[in-house]
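Geometric and topological summary
Chain by chain, the residues run as shown.
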Amino acid sequence: MDREFSYTRKHFDAVRAKLYELAGITLATSKDALVYSRLVRRIRNLNLSGFPDYLSYLDTTPSETQEFINALTTNLTSFFREAHHFEILKNFLQERTGKVKIWCVASSTGEEAYSIAIAVAEHYGRFNTPVEIIASDIDSNVLATASAGIYTMDRIESINLHRRKQFFHRGKGNQAGNVRVVPELKRMVKFSKINLLDTKWPTTSGVDVIFCRNVMIYFDKPTQLAVLTRLVALLPKDGIYIAGHSENFSSFPQLVRLAGQTTYYPVGR
Ligand SMILES: C[S@@+](CC[C@H](N)C(=O)[O-])C[C@H]1O[C@@H](n2cnc3c(N)ncnc32)[C@H](O)[C@@H]1O
């Protein structure tokens, strides 16, 4: 294939190694074309001469680290993705009195965190609840979208009319075609940037429910083990860890036991 910039296996491997070091993400070898298309935009925007130039720029320019991560993460998400998890959450809330803390650890553009907030608001029948929802991601671009809480109309197509009316406002004027989560819902979620690889997380106090969905799939087994160990340590005995549909932790019985469909309890408390 004719390419604008020379791109060899050596360049791809250097990118993979850097992404693994910074974010714990293991890129499959089949992702080489994707890496090219994502990084070529950075190379052009920065007026660099090609991949070797970009890689040394990345090494010497701290601010590029975030751009590099933003360019290479996969942020696919949707409102009420894997809908059964939100019913599990409501059942969990049913059993609890008092304060509950929920951490949505790879919230991407925010749909998952707002779905959690909707489930919580529906459970209590109000927006002012004893539930604290924190949401985070490594990617600063998706967090900006999440914090704005503005989505194109098609993103909420699968949400029933009743929920749409209650939790979204239609945009007018230059926001026509967009919807905005209602301010009361927005106030229920606090977004921040957290890399799951960071040695210190701002959230060290007890978390009752962890939504960690569709991010572990990008990590190799040792990274999964390291991250899962630390996440599960935040949970009380009856806390729950909610995983993505293709994530299975049966190889870590010392840490978790299955509680329901891709939902786990911590073990060893
Ligand atoms: C496929 S999305 C999943 C979004 C959402 N959890 C869901 O299931 O719909 C994966 C997200 O994980 C984030 N991510 C990848 N590596 C991360 C890391 N080391 N720390 C925190 N977030 C990370 C990406 O930026 C991306 O937004």
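Small disclaimer: the values here were computed from a predicted structure and weren't measured.

Turning our eyes to something else, we now look at the sheet that holds strand β2 (residues 131–137). Spatially, the seven strands line up as an open sheet ordered β6-β2-β1-β7-β8-β10-β9, and their pairing is mixed. Two strands lie at the open edges of the sheet, namely β6 (189–193) and β9 (256–260), each paired on one side alone. In this sheet, neighbouring strand axes are inclined to one another by 25 degrees on average, regardless of whether the strands run parallel or antiparallel. Where strand β1 (residues 100–104) lies against β2, five bridges are found, and the strand directions are parallel. Across the sheet, the residue bridging to K101 is E132, located in β2. Docked against the sheet, helix α6 (residues 111–124) engages β1, β2, β6 and β7 (209–212), running at close to 170 degrees with respect to β2. Against the sheet, helix α7 (residues 140–148) engages β2 and β6, with an angle of about 165 degrees to β6.

One non-glycine residue, S108, lies in the positive phi region at around 50 degrees. With respect to the helices and strands, S108 occurs in the loop between β1 and α6. With phi around 60 degrees, N214 is a residue other than glycine that occupies positive phi space. Its place among the elements puts N214 in the loop between β7 and α10 (221–232). Since its relative accessible area comes to 11%, N214 is described here as buried.

Another point: the sheet that holds strand β3 (residues 150–152). Reading across from one edge, β3-β5-β4 is the order of the three strands in this open sheet, with antiparallel pairing throughout. At either margin of the open sheet sits one strand with a lone partner, and together these are β3 and β4 (168–170). Here the average twist between neighbouring strands, direction ignored, is 35 degrees. Two elements, β3 and strand β5 (residues 178–181), share three bridges in a ladder whose sense is antiparallel. Pairing of I150 across the sheet is with R180, part of β5.

When the terminal C-alpha atoms of helix α1 (residues 9–23) are compared, their 21 Å separation across 15 residues agrees well with the 21 Å that a helix rising 1.5 Å per residue should span. The complete set of buried residues in α1 reads H11, F12, V15, K18, L19, L22 and A23. Down the axis of α1, the buried side of the element spans an arc of 130 degrees, and every buried residue falls inside it. Exposed side chains of α1 directed beyond 90 degrees from the buried face belong to K10 and E21. Looking at the buried residues of α1, the elements they touch are α2 (32–45), α3 (51–60) and α4 (62–72). Directly after α1, the chain includes G24, whose backbone phi takes a positive value near 80 degrees.

As assigned here, the protein chain comprises domain 1 (9–72) and domain 2 (84–151 + 182–266). Using C-alpha coordinates to define each centre, domain 1 is positioned 29 Å away from domain 2. Every contact between the two is made by ten residues of domain 1 and, on the other side, eleven residues of domain 2. Between domain 1 and domain 2 the total buried area reaches about 850 Å² when both faces are included, carbon and sulfur atoms providing 44% of it. Taken together, the links from domain 1 to domain 2 amount to zero salt bridges. Seen at the junction of domain 1 and domain 2, the total is seven residue pairs in polar contact (both at pLDDT 80 or more). Sorting the residues of the side of domain 1 that touches domain 2 by element identifies α1 and α4 as the ones contributing at least two each. Considering every element that reaches the side of domain 1 that touches domain 2, the biggest residue donor is α1, with four residues. Of the residues belonging to the side of domain 1 that touches domain 2, the class tally is five nonpolar, four polar and one charged.

With that settled, consider the site of the ligand. Taken together, the neighbourhood of the ligand is formed by 22 residues, with T77, A106, E112, D137 and N214 sitting nearest. A distance of 2.6 Å separates an oxygen atom of the ligand from a polar side-chain atom of T77. Protein contact buries 99% of the 600 Å² of open area that the ligand shows by itself. Looking at the shell around the ligand residue by residue, the class counts come to ten nonpolar, seven polar and five charged.

We now examine the environment of G149. Relative to the helices and strands, G149 resides in the loop between α7 and β3. A residue is classified by how much of its surface remains accessible, and G149, at 0% relative accessible area, is buried. Counting along the chain gives 30 residues from G149 to V179, while the straight-line C-alpha distance between them is 8.3 Å. Those residues in contact with G149, other than ones at most four positions away along the chain, are Y114, V179, R180 and V181.

Cut-offs and rules
- Residues numbered from 1 in each chain as written.
- Predicted model: local features only at pLDDT ≥ 70, side-chain atom pairs only at ≥ 80, totals over all residues.
- Heavy atoms only, no water.
- Pairing = 2+ DSSP bridges.
- Helix = DSSP H or I, 4+ residues; strand = E, 2+ residues; numbered from the N terminus.
- Axes fitted to C-alpha atoms, helices over the stretch in contact; angles between N-to-C directions.
- Contact = heavy atoms within 4.5 Å.
- Buried < 20%, exposed > 50% of the residue type's maximum accessible area, 1.4 Å probe, protein only.
- Expected span 1.5 Å × (residues − 1).
- Arc of directions from axis to C-beta.
- Domains from an automatic or database assignment.
- Buried area = accessible area lost by both parts, 1.4 Å probe.
- Salt bridge = Lys/Arg side-chain N within 4 Å of Asp/Glu carboxyl O.
- Polar contact = N/O pair within 3.5 Å; in protein donor to acceptor, adjacent residues only side chain to side chain.
- Nonpolar A, V, L, I, M, F, W, Y, C, P; charged D, E, K, R; others polar.
- Near = heavy atom within 4 Å.
- Areas by Shrake-Rupley, 256 points an atom, 1.4 Å probe, with all protein chains shown as cover.

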